[in-house]
Amino acid sequence: MLRLSNISLTQFKNYSFSSFHFNERVIGICGLNGRGKTNLLDAIYYLCFTKSYFTKTDAMNAQFESDGFRLEALFNDQKVVLILRLASKKELLLNDMPYEKFSKHIGKFPAVMIAPDDIELITGGSEGRRRFLDTVISQIDEQYLQQLILYNKVLQQRNSLLKRFAEQGSANWPLLEVLDYQLITPGKYIYQTRADFMQLLMPLANDLYGTIAGQKESVALEYESQLHNKSFEELLLQNREKDLVLQRSNGGIHKDDILFLLNDQVFKNIASQGQRKSLLFALKLAEFQLLKSYKGFAPLLLLDDVFEKLDQDRMQQLLQWVCTDNDGQVFITDTHKERLEDALQKLGTGYQVIEV
Ligand SMILES: Nc1ncnc2c1ncn2[C@@H]1O[C@H](COP(=O)(O)OP(=O)(O)O)[C@@H](O)[C@H]1O
Ligand SMILES: [Mg+2]
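Model, not experiment: these values are computed from the prediction.

Peer 1: Describe the packing of helix H5 (residues 173-213) against helix H6 (residues 232-246), with residues and values.
Peer 2: H6 packs onto H5 with a crossing angle of 135 degrees between their chain directions and a minimal axis gap of 10 Å. As the angle between them shows, H5 and H6 are arranged oblique. The handedness of the crossing between H5 and H6 is right-handed. Packed against H5, whose contacting residues are Asp180, Ile184, Gly187 and Lys188, the element H6 presents Phe232, Glu233 and Leu236 at the interface. When its residues are assigned to classes, the contact of H5 with H6 shows 3 nonpolar, 1 polar and 3 charged.

Peer 1: Residue-level account of the pairing of strand E8 (residues 111-114), with values.
Peer 2: Along a regular strand, successive side chains alternate from one face of the sheet to the other. Alternating residues of E8 divide into Ala111 and Met113 and Val112 and Ile114, and every residue in both groups is buried. Direction of pairing for E8 relative to strand E12 (residues 300-303): parallel, over a ladder of 4 bridges. Residue pairing for E12: Ala111 is matched across the bridge by Leu300.

Peer 1: Explain unusual backbone geometry residue by residue, including any values.
Peer 2: Although it is not a glycine, Gln247 adopts a positive phi angle of roughly 60 degrees. Residue classification places Gln247 among the partly exposed positions, given that 15 C-beta atoms sit within 10 Å. Positive phi, close to 45 degrees, is recorded for Asn263, a residue that is not glycine. With respect to the helices and strands, Asn263 occurs in the loop between strand E10 (257-262) and strand E11 (265-266).

Criteria and cut-off values
Residues numbered from 1 in each chain as written. Chains lettered and ligands numbered in written order. Predicted model: local features only at pLDDT ≥ 70, side-chain atom pairs only at ≥ 80, totals over all residues. Axes fitted to C-alpha atoms, helices over the stretch in contact; angles between N-to-C directions. Helix = DSSP H or I, 4+ residues; strand = E, 2+ residues; numbered from the N terminus. Parallel < 35°, antiparallel > 145°, perpendicular 65-115°, else oblique. Left-handed = near helix turned anticlockwise from the far one by under 90°. Contact = placed C-beta atoms within 7 Å. Nonpolar A, V, L, I, M, F, W, Y, C, P; charged D, E, K, R; others polar. Buried ≥ 20, exposed ≤ 12 C-beta atoms within 10 Å, placed from the backbone. Pairing = 2+ DSSP bridges.

Just distances and angles here, no functional claims.
Spelled out as structure tokens, the structure:
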């Protein structure tokens, strides 16, 4: 069982210093717009993933005109501290012991966030979908994250090399082959792991979609990868000339995608707003479910402004599912205190409402 009982935020976004105590499984967070509800959820996310769910640069999370931030939390009896000093490196400590590799932390305290802009996962570019896959798999497969870090490092080197070739007007093939060789091992591992994971995700997401949408229409998920029909070796060789011209790597798992289909047609082309939301929730809850079965306990569920996204009935149904059929801790934000309390009360489980 995973429980977050305490969190303190120092110079984190709009929080100069605040501390929150959570003594229930279901926690409502309310407050007017701009009060820091999303920031509080993001602080929790930060301590689980060592980075923000929303911003790419760590420094943006330090309070304006400050020199950094500090987050501290208690997960069960484990203390996690994350410190960012703008002048120096990020620090992460578990029970006062600094981590050498932050990647070792990932998966210890699994969490799933659902936020308003996540609909991009359905309608946006492929990067978000790869990130979705990577985030889930990294939490259940330590090796995967190591391989991914390695792959991205080599890929960057390879792209720099291609740029250099272009500048010099000549290519040093043996040098490129060294990097190709280094790319292939992690590339194949990532491909195979994503393929295996998709086999689990597909039926689950389909099932959950049916439940949430409450209709008989069926969604299908397909894992798209250039590696389906070719070995990585062949793919690199085949793209070589193109890589040189475009000065970046065109073949590999960094081009993977998930294709969504609704009754055999491309989902985002034909789906309504409601159907998109249903698919988003189906994916996120499938993520939740898979994490739970791998870990043997439910991940934290961070729900940001979901009341704005779903109608009251569906929301209640969803909450019922996450709160009654599961024993995970749930954090849910809303601007309307009455609406939130009303919904939580109906669940018949212990809850707490805090105001920010
Ligand atoms: N680095 C920062 N320093 C200080 N305040 C920040 C920083 N980043 C964001 N904020 C402030 O945080 C507030 C938004 O908080 P947010 O959690 O999104 O609110 P809510 O979700 O309750 O609507 C805004 O007032 C914004 O100015
Ligand atoms: Mg918000």
